[in-house]
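Report on the structure
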Amino acid sequence: RDMDTEGHGFITRDEFMRGMHRYEVREFMRALSIDLKDADKMYSLLDRNNDGMVDIVEFVQGMEKMRGEAKSSDIHFLM
């Protein structure tokens, strides 16, 4: 919800990249051992169907895959 600044139910690349500048997002990613230098590549990996939008399912599944221990309930707060 937080990264979906326009409230349309998905995260655009621009929203994702802006979100990476927020302190709480950076700290969350660090806690999951995800390197923020690769944010653009990370978005491409999350956008599994290559439609330019990452919905909640793509986001949660992608984050869980990138960090096997990540709990979906912890990740939901970022959407």
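Below or above, wherever it landed, is the structure these notes cover.

Quick notes on the rules
- Residues numbered from 1 in each chain as written.
- Predicted model: local features only at pLDDT ≥ 70, side-chain atom pairs only at ≥ 80, totals over all residues.
- Heavy atoms only, no water.
- Axes fitted to C-alpha atoms, helices over the stretch in contact; angles between N-to-C directions.
- Helix = DSSP H or I, 4+ residues; strand = E, 2+ residues; numbered from the N terminus.
- Left-handed = near helix turned anticlockwise from the far one by under 90°.
- Contact = heavy atoms within 4.5 Å.
- Nonpolar A, V, L, I, M, F, W, Y, C, P; charged D, E, K, R; others polar.
- Core = buried A, V, L, I, M, F, W, Y, C linked by side-chain atoms within 4.5 Å.
- Buried < 20%, exposed > 50% of the residue type's maximum accessible area, 1.4 Å probe, protein only.

Some thoughts on the packing of helix α3 (residues 39-46) against helix α4 (residues 56-66)
- It is at 9 Å that the axes of α3 and α4 come closest, and there the two elements cross at 115°. Note on packing geometry: the crossing formed by α3 with α4 is right-handed. Residue-level inspection shows Met42, Leu45 and Leu46 of α3 in contact with α4, the latter providing Glu58, Phe59, Gly62, Met63 and Met66.
- Looking at side-chain class alone, the contact of α3 with α4 contains 6 nonpolar, 1 polar and 1 charged residues.

Focus on the nonpolar core
- Core analysis: the largest hydrophobic core is formed by 16 residues, its most contacted members being Phe16, Met20, Met29, Met42, Leu46, Phe59 and Met63.
- Mapped by element, the contributors of at least two residues to this core are α2 (23-31), α3 and α4.
- Looking at this core element by element, the count peaks at 4 residues for α3.
- Once residues lying within four places of it in the same chain are set aside, the contact partners of methionine 20 are Met3, Val25, Arg26, Met29, Leu36 and Ala39.

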